[in-house]
Amino acid sequence: MIKLEDLLAFYNWTSTHVDMDKCQQLKEEGFLQMKKHPEYPLYLLNYTSKTQYTQQWCKELIHARGLVVAEDGEIIARPLPKFFNLSEIDGLDGIPEQEYELYEKMDGSLAIMFHYREKRIFCTRGSFCSDQALKAEEIFKKKYLIRNVMKECTYCFEIIYPENKIVVDYGEIEDLFLLSITHVRSGKPVNIDQTGFKTAKKITTTGICHTKWIVDDLENEEGYVMRFISDNIRVKIKFDNYVKKHKGRDITAKQIKDSLKKMKPIDLDFIPDECYEEVRTIIAEFEDQFKRKEKDFIEEYKEIQSQNISSRDVIELIKQSQHSKILFAIHANKPYDMLIWKLL
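Structural notes, computed from the coordinates. (Residues numbered from 1 in each chain as written. Predicted model: local features only at pLDDT ≥ 70, side-chain atom pairs only at ≥ 80, totals over all residues. Heavy atoms only, no water.)

With that settled, the discussion passes to the side chain of Ser321. Counting through the fold element by element, Ser321 comes out in the loop between α9 (311–320) and α10 (324–331). For Ser321, the side chain forms a polar contact with the main-chain nitrogen of His323, separated by 3.1 Å. Look past the residues within four positions of Ser321 in its chain and what remains in contact with it is Glu300 and Leu327. (Helix = DSSP H or I, 4+ residues; strand = E, 2+ residues; numbered from the N terminus. Polar contact = N/O pair within 3.5 Å; in protein donor to acceptor, adjacent residues only side chain to side chain. Contact = heavy atoms within 4.5 Å.)

What follows is about the pairing of strand β8 (residues 100–105). Burial within β8 is extensive, with 6 of its 6 residues counted as buried. Looking at chain direction, β8 and strand β16 (residues 223–228) are connected through 6 bridges and run antiparallel. When the bridges of β16 are listed, Tyr103 appears paired with Val225. As paired elements, β8 and strand β15 (residues 202–203) share 2 bridges and run antiparallel to each other. Residue pairing for β15: Leu102 is matched across the bridge by Ile203. (Buried < 20%, exposed > 50% of the residue type's maximum accessible area, 1.4 Å probe, protein only. Pairing = 2+ DSSP bridges.)

Judged by pairing direction, the sheet is antiparallel, and its 4 strands sit side by side in the order β2-β3-β4-β5 without closing on themselves. Lying at the two open borders of the sheet, with one neighbouring strand each, are β2 (32–36) and β5 (75–77). Within this sheet the neighbouring strands show an average axis-to-axis angle of 35 degrees, counted without direction. For strand β4 (residues 65–70) and β5, the ladder comprises 2 bridges, and the chain directions are antiparallel. For Val69, the partnering residue across the bridge sits in β5 and is Ile75. Taken strand by strand, helix α2 (residues 20–28) contacts β2, β3 (42–47) and β4, and its axis lies near 115 degrees from that of β2. (Axes fitted to C-alpha atoms, helices over the stretch in contact; angles between N-to-C directions.)

Another point: the packing of aromatic side chains. In total, this model carries 13 aromatic pairs according to the counting rule given. Ring plane angle 85 degrees and centroid distance 5.4 Å describe the contact between Trp57 and Phe84, whose orientation is recorded as edge-to-face. Residue Trp57 is found in the loop between α3 (49–54) and α4 (59–63), and its partner Phe84 is found in strand β6 (residues 84–85); the two are separated by 27 residues along the sequence. Residue classification places Phe84 among the buried positions, given a relative accessible area of 1%. Ring geometry for Trp213 versus Tyr224: centroids 5.5 Å apart, planes at 80 degrees, classification edge-to-face. Taken together, the residues span a long stretch of sequence, with Trp213 in the loop between β15 and β16 and Tyr224 in strand β16 at a distance of 11 residues. Neither Trp213 nor Tyr224 differs from the other in exposure class; each is buried. By the ring-pair criterion, three or more aromatic residues cluster together here, those being Phe122, Phe140, Tyr144, Tyr155, Phe157 and Phe197. (Phe/Tyr/Trp six-rings, centres within 6.5 Å; stacked < 30°, edge-to-face > 60°.)

Val18 and Leu45 are the most contacted members of the largest nonpolar core, which has 50 residues in total. When sequence neighbours within four positions are dropped, the list of residues in contact with Val18 reads Trp13, Cys23, Leu45, Leu67, Val69, Asp72, Gly73 and Ile75. (Core = buried A, V, L, I, M, F, W, Y, C linked by side-chain atoms within 4.5 Å.)

Under the counting rule described, the total for this entry stands at 16 salt bridges. The salt bridge partner of Glu101 is Lys202, with a shortest N-O separation of 3.5 Å. Pair noted here: Glu101 is in strand β8 and Lys202 is in strand β15, with a separation of 101 residues, a long-range link. Measuring nitrogen to oxygen at the nearest pair gives 3.4 Å for the salt bridge that ties Glu222 to Lys238. Highlighted residues: Glu222 in the loop between β15 and β16 and Lys238 in strand β17 (residues 233–238), separated in sequence by 16 residues. Lys238 carries the same exposure label as Glu222, and that label is buried. Residues joined by salt bridges that share partners form a network here, namely Lys22, Lys59 and Glu60. (Salt bridge = Lys/Arg side-chain N within 4 Å of Asp/Glu carboxyl O.)

All quantities given are derived from atomic positions and should not be read as evidence of function.
This is how it looks when you write it as structure tokens:
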């Protein structure tokens with residue numbers, strides 16, 4: 001959960017530069033990825049799955065969703081900041097009724113377009129040269145090259161094409177759908193109507209409270225994006241059937257257990273963030289099993305030690321134990337975690 005007041009403060013951060021020392025620290029802590037452009041002195045900033053899982057948000061990470069900066073921290077491309085599920089924002093339900101817009105949430109990839117040294121550049125959240133970035137540029141040149149674009153702004157598109165299908169089936173559609181335009185230096189949104197680009201379908205909301213949309217669960221759609229106009233806050237509502245289908249393609253309890261056994265990090269990169277709570281529950285259950293086992297072995301070792309016998313006799317009694325390897329590790333003050341994980 002993130003508090004509404006914190007989110008508003010993060011969203012209202014409109015500095016022209018980021019603190020590169022702070023970004024480097026976040027990178028070293030595993031919360032931020034920084035990738036250098038292959039040709040220009042630019043860096044692409046993207047928060048990691050660790051950030052989402054631990055919910056360790058700050059203004060730099062909220063905006064590091066494909067943020068492009070120069071070596072001195074000057075912001076060159078300012079895409080949409082991170083937006084949360086409606087249920088993840090603490091305090092949103094308590095805000096007064098206000099005007100909002102509702103859009104179909106498209107199930108593609110985010111493509112970001114900006115200009116640097118008079119050159120048009122496409123990237124995605126995590127790469128300057130991903131397949132999706134290259135495809136976005138190809139579609140732009142084919143369909144939208146004659147459109148007038150504002151070079152002082154950052155354009156965010158959803159790119160849809162058959163080879164990039166995630167869950168929703170869009171058939172043979174191959175196009176860019178404009179999501180937002182943001183003035184880079186001021187951070188102010190620019191109206192996307194009448195730009196000549198296709199946009200996500202806008203849904204009529206007249207007379208309908210924003211909370212009423214939570215119960216919808218349409219087939220072959222991902223969900224909704226809701227934008228509260230006065231605060232310019234975007235939230236997402238994902239349909240249950242979509243989350244189940246997406247989740248079915250990803251990590252399982254057995255994979256989590258295997259990672260814990262091998263004492264390796266759990267790969268969260270391909271898990272929908274809506275499933276993180278379930279992952280936390282699985283991890284907590286396995287860790288509880290581990291702690292109970294560990295307590296049993298420590299008590300068994302203490303019982304041997306309490307007999308006031310010689311070191312040689314202690315060793316002989318440990319040898320008789322069914323779990324002598326673990327008791328010997330405890331006796332020698334050596335790591336034993338992996339030995340316990342193998343038993344679970």
